[in-house]
Amino acid sequence: MNTQEMFDIAMKVAGLEKPTADAAVIVQGDNIKKVLVGIDMNTQELVLAKMMGFDCVVGHHPRNIDVKSMTNVFRDQMYAMNKA
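Here goes a summary of the coordinates provided. Positions within a chain are numbered from 1, following the residues in the order the chain's sequence is written. Since the coordinates come from a predicted model, pLDDT governs what is reported: local features require at least 70, and pairs of side-chain atoms require 80 or more to be given and counted, while whole-chain, interface and lining totals use all residues. Only hydrogens and water are set aside; all other atoms, that is, all heavy atoms of the structure, feed into the side-chain values.

**Here we look at the layout of surface pockets**
Using the following cut-off: Residues are said to line a cavity or pocket when one of their atoms sits within 4 Å of a point; the points come from a 1 Å grid over protein atoms alone, cavities being sets where a 1.4 Å probe fits but cannot get out and pockets being open sets with protein on both sides within 12 Å along at least five of seven lines. Grid points are joined across faces, edges and corners, and a volume is the space filled by probe spheres set on the points. Per the convention used, a helix needs a DSSP run of H or I reaching at least four residues, while a strand needs a run of E reaching at least two, with both numbered from the N terminus. Three classes are used: nonpolar for Ala, Val, Leu, Ile, Met, Phe, Trp, Tyr, Cys and Pro, charged for Asp, Glu, Lys and Arg, and polar for all others, with Gly counted as polar.
A volume near 1,700 Å³ is recorded for the largest pocket. In terms of lining, the largest pocket is formed by 50 residues, of which the most central are F7, D22, A23, A24 and G59. Where the lining of the largest pocket is concerned, the elements lending two or more residues are α1 (3-14), α2 (43-51), β2 (56-59) and α3 (67-83). Broken down by element, the lining of the largest pocket gets its largest block of residues, nine residues, from α3. By residue class, the composition of the lining of the largest pocket is 28 nonpolar, twelve polar and ten charged.

**Some points on the environment of R75**
What counts, and what does not: Each residue's exposure class comes from its accessible area (1.4 Å probe, protein chains only) as a fraction of the maximum for that residue type: buried when under 20%, exposed when over 50%, partly exposed otherwise. Polar contact is the term for a pair of N or O atoms within 3.5 Å; when the atoms are in protein, one must be able to donate a hydrogen and the other to accept it, and sequence-neighboring residues count only if both atoms are side-chain atoms.
Among the secondary structure elements, R75 is positioned in helix α3. Since its relative accessible area comes to 33%, R75 is described here as partly exposed. Polar side-chain contacts of R75 include one of 3.0 Å to the side chain of D76.

**Topic: the packing of aromatic side chains**
To keep it simple, the criterion reads: Only centres within 6.5 Å qualify two rings of Phe, Tyr or Trp (six-membered ring in Trp) as a pair; their planes then separate them into stacked at under 30 degrees, edge-to-face at over 60, and tilted for everything else. The criterion for a charge sitting over a ring is simple: Lys NZ or Arg CZ within 6 Å of the ring centre, and within 35 degrees of the ring normal.
Summed over the entire model, instances satisfying the criterion amount to zero aromatic pairs. The ring of F54 is capped by K34, whose NZ or CZ atom sits 4.8 Å from the centre of that ring.

**Comments concerning the pattern of salt bridges**
Note the following rule: Here, a salt bridge means any Lys or Arg side-chain nitrogen found within 4 Å of an Asp or Glu carboxyl oxygen.
Tallied over the entire structure, the rule returns one salt bridge. Residue R75 pairs with D76 through a salt bridge whose shortest N-O separation is 3.0 Å.

Spelled out as structure tokens, the structure:
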């Protein structure tokens, strides 16, 4: 499996037609078999994943999101909460 296939599955499971402003694949990857998933994935978790033989790290909190994009994230969350 590759990162785009993983992203597409996550979108389908979440019931989303388009990704939110804070959703992205930071580094593309192929032949992924072992994934470390967590909320705050920082340098320590990346090093641990490498040491333990993981092929991919998936984190919840986005990195390098600018202020304009965060405004879109909050807007998307507002719409989702209103819809729910």
